[in-house]
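So the chains spell out like this:
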Amino acid sequence: MLIRILGIVVVLLASCGLGFRISYELSYRIEDLQQIKRVLVMLRGEIKYANTPLTEAWSSIAFRVPEPWKSFLKELTEAMEAYDGDTFASIFQKMQKKYLDGTSLLSKDINRLADFGANLGYLDKEMQLGSIDLYLEELEGEMKEAEGKAEKNSKLYRIMGMAVGVLILLIIL
């Protein structure tokens, strides 16, 4: 009897945990999108007001952001300074795959960031600022959509996790 009760508790906890995990994943994505926004706002300031070259701007920003962004920007800067013939777009994509695949960003977020990186590396100051502003606008829209989705679906995922656990128990018992 004790083993049966323990099994019931384990199944309920596992299913509830899964529902909560999926729910939290939505909020983690919003946090990652907000961090991208912070990085881009800092980059815009470095380029616009300090007239900092792109390599130095990334390096300066790297010390003001948390992981994995810090490592991403540090290694991006090092690769740009080493310049082994790769374009900025290819360096950006390599570092992005290495450091940002473990984040909660969706593939469309990663692809959009890669497109931004592809457009940023070869432009003059005004075009870089325009590219940053355009990406920030797209990011704002994506953040609003993600927040709406999280607000709408977060509770649903939690309840579904509990319901699936109860359903499994009913089938087993």
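Conventions we followed
- Residues numbered from 1 in each chain as written.
- Predicted model: local features only at pLDDT ≥ 70, side-chain atom pairs only at ≥ 80, totals over all residues.
- Heavy atoms only, no water.
- Helix = DSSP H or I, 4+ residues; strand = E, 2+ residues; numbered from the N terminus.
- Expected span 1.5 Å × (residues − 1).
- Contact = heavy atoms within 4.5 Å.
- Phe/Tyr/Trp six-rings, centres within 6.5 Å; stacked < 30°, edge-to-face > 60°.
- Buried < 20%, exposed > 50% of the residue type's maximum accessible area, 1.4 Å probe, protein only.
- Core = buried A, V, L, I, M, F, W, Y, C linked by side-chain atoms within 4.5 Å.

A.B. asks: What's the story with helix α3 (residues 69-82) in this structure? I'm lost.
C.D. replies: An α-helical segment advances 3.6 residues per turn. Residues three or four places apart therefore align on the same side. With 14 residues, α3 should cover 20 Å at 1.5 Å per step; its first-to-last C-alpha distance of 20 Å lies within 8% of that length. On the buried face of α3, the contacting elements are α1 (2-48), α2 (54-62) and α4 (88-100).

A.B. asks: I would appreciate a short explanation of the environment of E142 in the present structure.
C.D. replies: As for its position among the elements, E142 is in helix α6 (residues 125-172). Here the alpha-carbon distance between E142 and I30, two residues 112 residues apart in the chain, equals 9.1 Å. Beyond its immediate sequence surroundings of up to four residues, E142 is in contact with R29, L33, K108, D109 and R112.

A.B. asks: Is there a simple way to explain the packing of aromatic side chains in this structure?
C.D. replies: In this description, an aromatic ring pair is defined by two values, namely the gap between the centres and the angle between the planes. Scanning all chains against the criterion turns up six aromatic pairs. With a centroid separation of 6.4 Å and 45° between ring planes, the pair formed by W58 and F92 is classed as tilted. Of this pair, W58 sits in helix α2 while F92 sits in helix α4, placing them 34 residues apart in sequence. Assigned by exposure class, W58 and F92 land together as buried. Measuring from ring centre to ring centre gives 4.9 Å for F116 and Y135, while their planes differ by 25°; the resulting arrangement is stacked. Note that F116 is positioned in helix α5 (residues 107-120) and Y135 in helix α6, a separation of 19 residues in sequence. Look at F116 and you get buried, because its relative accessible area is 4%. The exposure class assigned to Y135 is buried, which follows from its relative accessible area of 5%. Taken together, the ring pairs in this structure connect W58, W69, F72, F88 and F92 into an aromatic cluster.

A.B. asks: What is the right way to look at α4 in this model?
C.D. replies: Compared with the 18 Å implied by 1.5 Å per residue over 13 residues, the 17 Å span of α4 between its first and last C-alpha is a close match. Buried residues along α4 sit against α2, α3 and α5.

A.B. asks: What should I look at first to understand the nonpolar core in this one?
C.D. replies: The tendency in soluble globular proteins is for nonpolar side chains to be buried as a group. By size, the foremost hydrophobic cluster in this structure holds 38 residues, and its most contacted members are L40, L43, W58, L73 and L76. Taken together, the elements giving at least two residues each to this core come down to α1, α2, α3, α4, α5 and α6. In contact with W58, other than residues within four places in its own chain, are V39, L43, L73, L76, T77, M80, F88, F92 and L120.

A.B. asks: What's the story with unusual backbone geometry in this structure? I'm lost.
C.D. replies: Comment: phi is negative for the bulk of residues other than glycine, and the bulk of peptide bonds are trans. Omega for the peptide link from E67 to P68 comes to 0°, which places this bond in the cis form. Examined against the element boundaries, P68 turns out to sit in the loop between α2 and α3. Although it is not a glycine, N51 adopts a positive phi angle of roughly 50°. Mapped onto the secondary structure, N51 falls in the loop between α1 and α2.

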